[in-house]
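Coordinates in review
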There are 2 protein chains.
Amino acid sequence: MSLSGKHRVVIVGGGFGGLTTAKALRKTPVDITLVDRRNFHLFQPLLYQVATGGLSPGNIAAPLRSIFARQRNVHVVMDEVIGFDLPRRRVLLQEGELAYDSLVVAAGAKTGYFGNDQWAENAPGLKTVEDAIEIRGRVLTAFEEADKLPTPQAREHLLTFVVVGAGPTGVELAGTLAEIARHTLRHDFRIINPAETRIILIDAAPRILMAYAEDLAMNAQKKLMEMGVEVRTQVKIQKVDASGVEVMTAQGVEQIAAANVLWAAGVTASPLAKLLSEATGAPLDRQGRIEVQSDLTLPGHPQVYVIGDMAHFKLPSGQAVPGVAPAAMQQGKYVAKAIQSRFQNITLPPFTYTDLGSMATIGRKAAIAQIGTWKFTGLIAWILWLFIHLIQIVSFESRILVLIQWAWNYLTFSRSARLITQSGYTHGGHLRATHVTNSADNN
Amino acid sequence: MSLSGKHRVVIVGGGFGGLTTAKALRKTPVDITLVDRRNFHLFQPLLYQVATGGLSPGNIAAPLRSIFARQRNVHVVMDEVIGFDLPRRRVLLQEGELAYDSLVVAAGAKTGYFGNDQWAENAPGLKTVEDAIEIRGRVLTAFEEADKLPTPQAREHLLTFVVVGAGPTGVELAGTLAEIARHTLRHDFRIINPAETRIILIDAAPRILMAYAEDLAMNAQKKLMEMGVEVRTQVKIQKVDASGVEVMTAQGVEQIAAANVLWAAGVTASPLAKLLSEATGAPLDRQGRIEVQSDLTLPGHPQVYVIGDMAHFKLPSGQAVPGVAPAAMQQGKYVAKAIQSRFQNITLPPFTYTDLGSMATIGRKAAIAQIGTWKFTGLIAWILWLFIHLIQIVSFESRILVLIQWAWNYLTFSRSARLITQSGYTHGGHLRATHVTNSADNN
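Residues numbered from 1 in each chain as written. Chains lettered and ligands numbered in written order. Predicted model: local features only at pLDDT ≥ 70, side-chain atom pairs only at ≥ 80, totals over all residues. Heavy atoms only, no water.

1. Regarding the overall build of chain A
Stated precisely, the cut-off is as follows: Strands are runs of DSSP state E lasting at least 2 residues, helices are runs of H or I lasting at least 4, and numbering of each runs from the N terminus. We call two residues in contact when some of their heavy atoms are within 4.5 Å. Accessible areas in this description were obtained via Shrake-Rupley with a 1.4 Å probe; residue shielding takes into account the shown protein chains only.
For chain A, the count of helices and strands is 11 helices and 26 strands. Long-range pairs, those at least 24 residues apart, make up 62% of the contacts in chain A with a sequence separation of at least 6. Total accessible area computed for chain A in this model is approximately 18,000 Å², and 55% of it derives from carbon and sulfur atoms.

Written out as C-alpha cells, the structure is:
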C-alpha cells in the first residue's frame, strides 16, 4: 500500500508492454510508477526508417511524460533498474528503490550476437535510437568515402552492404538500402554510381522470413531480387570483422568483403530476465527469456508479472509467443485485468495469445501480410502495412506528421533526415565504431 | 583550369555563404567543388528549436548532395580543410587536395569563450546539431533528476538555468526555456512544479539585444520578464564551473548556483581565418575574423574570397558587417558575380552591404523586428519572423513540414522531439559533459 493507501504497481519498461499495462489501468484506483532508463517510448517497428534517413528519431519517439501527462495515477521515473528484492517487494534502482504490491517487468530485448559480442563493433544492430543514428552515419559515410576513390574496384569494399538475418527487420533494411542506392541518391554523386552498391541479405535458414508462409516469403524474395538485393540463404556467419564477413555455405568457407555489416539476426532478452530467473528458479530459454506461468507470473511470486520480449510464454503448440508488439500489448492488457481482478476477488483464466497476423514491408509499394488464413502481397499488403502502423503510431501520440512525412518522401523519393552526426565514422581500410565514453557513472 | 577546361571554383563551407555562392553560379560554365566536413546544410537560426525539443535535427538540416543533386556543375566533397597552399592554388584536405582558380572560404564561426575554453564543458554553446542535442539532453535531464529530489531547496540547483549572452540566440533560448517550464511540461511531473524553474539571462552590456533599437530591446525585456525570465544586465561572467557561475556586478562578486549554464555570449571565427591571415598578412579582429578588401578578396590574392561569419568587412561606419545569414548570402551573391565578371573582363564595384533589418523571437506570439526605420513588436513581429524564416527554410528544400510541425506545436503547446539520447548527462551534485571520443583519426 502506498501512503495514499492505494495498491502500488511498478512497471519496468516503457515499451509496448509497459505502456499498454499502464494505460489499461487508467481508471483503476492504483498508484503506478513507470520506470525506464529512457525518457521516451520508441516505436521500434519504424526504427529502420530512421536508420535509412526517412524519418527523424523525434518522429517515432514519444516522451513518456507526455503520454501520461493527463493520466494522474502514473508517475514516470527515469532511472535504471539494477535488481530486485522480491522478498521485500522492492525494485532496486541506480538511485534508490521502489516498493510495489504488483510488479510488471517489461524490459524488452537487445541485439544478440549468439555469444559473439565482439562482432557488435563491426555489425551494429538496430534496437535503439543511437543504433539507428549509428547505422545512418555508417551507410551515408560509406557513400561519401567511396565518392573519393578513383575506380569501381577501389570502391567495392565500401559499397558492399551485408545484412545479416532475413527476418522482417533484415528484409526491411535490405529493401530500403536498395531504394536509397537506386533512387534517393541517384542524382547525388558525380563520381560513383550508387547503383554500384551491392546489398547482400544473408540467413542461415533455408529461406527468408521463416515466420511467414512459404509463398509469401518467396514473393518477398522475388521482389527483393528485382530491387537488386542478393538473397543468400543457408549461409552461416562464422566471423565478422572490419574487412567483412566469413560465412559457411554448402560449398565451404567464403569471405565477403564489405565495409558495412548490419546485424538483424537476433535479439536477446534484457539481463533483468536472468536476475529474475536466479531469484525465482524460473528457467531461461536460449534467447535469455524467462519462462512465465499461465497467468504471466513467476513461480512462487503471484504478484510479479513478466511480459513482452523478455518473457517466454509457452503456447499450446509448444512454441513461445513471438516477440512482437501485439503480443506484448495483449499481455499488458491481461496483466492490467489480473491486477484489477485482485480487487474483485475473482480469478482470471490463463492468458491466451491471439495471433493478429504479421506483415513485413520490402520497399515502396511492396509488402507481405498474413492475417489468419488471408494472405496479401504487393501494393495491397503495403497499404495495409502502412495503415496499421500509422493507426498504431497515431494512437500513442498525435503523430499525424509521420503520415505527412511519409507521403512527402513517397511522392518525392526523398529522404531528408540524412544527417551524418557525431563524426566517428571512417572507412579508411576498415570501419571503426564510434565510442561514446561517459564519465557519468561514478558520482 | 580543370580537365574539362573550365574555371575551377572551390568553395569551403556549406553554410549560407557557400551555398549562396554555389547556387548563384548555377548557370556559369565553371566547375564547382563544395567542401564541407558535414554532409548537410544547417539552418542555424532555428537551432534553438532543436535544443528545446520543438524540432528534430532533420527538420532544419538539408543534405548538401540533395540541394545540388540537379545542379550538375557542383561536386560535393565531405572532408575537412586542414590548410591552404596559396602559391600553388591548392586547398589541403584531410584526404588529398583540391586545385582552384577561384577560392571562396566561408567556413563560418564556432562558439567562443573569450579565451576560457575550459568553460565549454559546463556551458555548452549552440552552433552544431550535436550542441543542440547536448543542450536538449541536459535541460530535460535536469527536470528528470529534479523530480527525484524531495524538497524545492534540493531541486533549486538543478532547476536554475543561466543563459549567458542576451543577443538574439540568448533571448530565444531563455524565452523558450520559460515556455517549456510553464507550458510544455506543466502536466508532466508529479513531484516538481516546473514553474519552480529559475531562468536567468545574463549580459555584460547595459541592456539586452544591443544590436537593436533601445525601445525594441526594452519591449523584449518586458515580455521576457512577464514570462518569468530574470534579466540581469551589466553582469560579467568571471567563472563557470559545475556549481554554476561566478559573476561580477556593480555590487561585487556573486555566485549563482545553477546546474545548467548555456552559452550564447559569443562566437569566434573558424581557425581557417588564422591560417589565411598567416599566409597573406591580412589582420584578424578580436573575434578571429580576417579583414577582407572592398571586393571581399585577400590582399595580394585577387582569386581568394572570404565571406560570411569568418570575414571582417569594414562598413563606411567603421563597424564590421554583422555575422548574420543575410550578410553571408549577399556576399555569396557578390562573389558569384565577381567570378562571372572575370569572363567578361569587367571590374565589379566594391561590395556593399544592405541591412535588411533584424528580428528576434521571444516566445509564442512575441518577437521584435526592425526593418529600416520600421519597428514591430508582439504578434505582428512574430508572424513576420515566422514568415521570413519559413520562406527561407522552404527555399533550401521543400521544408513545408517544418511549417506543419510548428503549427502543430503551436496549437497543442507540445514539443514532441524531447528525446534524451546518448545518455551521458548526470547532475549528481555537478554537471558532467558527455565526452565523445573517437578513435577514428589514426588510420
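2. Quick word on the pattern of salt bridges
A pair can form between side chains of opposite charge whenever their charged atoms are brought close. Where we set the bar: By convention in these notes, a salt bridge is any Lys or Arg side-chain nitrogen within 4 Å of a carboxyl oxygen on Asp or Glu. Note on exposure labels: buried denotes an accessible area under 20% of the residue type's maximum, exposed denotes more than 50%, and partly exposed covers the range between, all computed with a 1.4 Å probe on protein chains only.
In the structure shown here, the tally under the stated rule is 42 salt bridges over all chains. E95(B) serves as the salt-bridge partner of K148(A), at 3.4 Å between the closest nitrogen and oxygen. With K148(A) in the loop between α4 (129-146) and α5 (152-156) and E95(B) in the loop between β7 (90-93) and β8 (96-99), this pair bridges two chains. Relative accessible area serves as the criterion here: at 26%, K148(A) is assigned to the partly exposed category. On the accessibility criterion, E95(B) (42% relative accessible area) is partly exposed. Between K239(B) and D241(B) there is a salt bridge, and its shortest N-O distance comes to 3.8 Å.

3. With respect to the packing of helix α1 (residues 16-24) of chain A against helix α9 (residues 325-344) of chain A
Geometrically, a packed helix pair is captured by the angle between its two axes and the distance between the axes. Residue and element names in this part refer to chain A. As a reminder of what qualifies: For helices, the fitted line uses only the C-alpha atoms of the stretch in contact; every axis is such a line through C-alpha atoms, and the angle between N-to-C directions lies from 0 to 180 degrees. The hand of a helix crossing depends on one turn: near helix anticlockwise from the far one by less than a right angle means left-handed, and clockwise means right-handed. Each residue gets one of three labels, nonpolar for Ala, Val, Leu, Ile, Met, Phe, Trp, Tyr, Cys and Pro, charged for Asp, Glu, Lys and Arg, and polar for the others, Gly among them.
At a minimum axis distance of 7 Å, the contact between α1 and α9 shows a crossing angle of 35°. Crossing of α1 against α9: the hand is right-handed. Side by side, α1 and α9 meet where F16, G17, T20, T21 and A24 of the first sit next to A325, A328, M329, G332, K333, V335, A336 and Q340 of the second. Among the residues making up the contact of α1 with α9, the classes are represented as seven nonpolar, five polar and one charged.

4. Details of the pairing of β7(B)
All names here are of chain B. For clarity, the cut-off: Pairing between strands is defined by DSSP: at least two bridges between the two strands are required.
Side chains V91 and L93 of β7 all project onto a buried face; the interleaved residues R90 and L92 project onto a face where none is buried. In this structure, strand β6 (residues 81-85) lies alongside β7, joined through four bridges in antiparallel fashion. Residue pairing for β7: V81 is matched across the bridge by L93. In this structure, the hairpin formed by β6 and β7 is closed by a connection of four residues, where R89 is found at a positive phi of approximately 55°. Of the strand pairs in this sheet, β7 and β8 are connected by four bridges, and their pairing is antiparallel. Within β8, the position partnered with L92 by the bridge is E97. Taking the residues that link successive antiparallel strands as the turn, the β7-β8 hairpin has two residues.

5. Observations concerning the sheet that holds strand β23 (residues 358-363) of chain B
All names here are of chain B. With antiparallel pairing, three strands are arranged side by side in an open sheet as β23-β24-β25. Each edge of the open sheet carries a strand with a single partner, namely β23 and β25 (374-377). Between one strand axis and the next, the sheet turns by 5° as a mean value, whatever way the strands run. Looking at chain direction, strand β24 (residues 366-371) and β25 are connected through four bridges and run antiparallel. Along β25, the bridge assignment pairs Q370 with K375. Sitting on the sheet, helix α7 (residues 214-226) touches β23, β24 and β25, and the angle it makes with β24 is about 175°.

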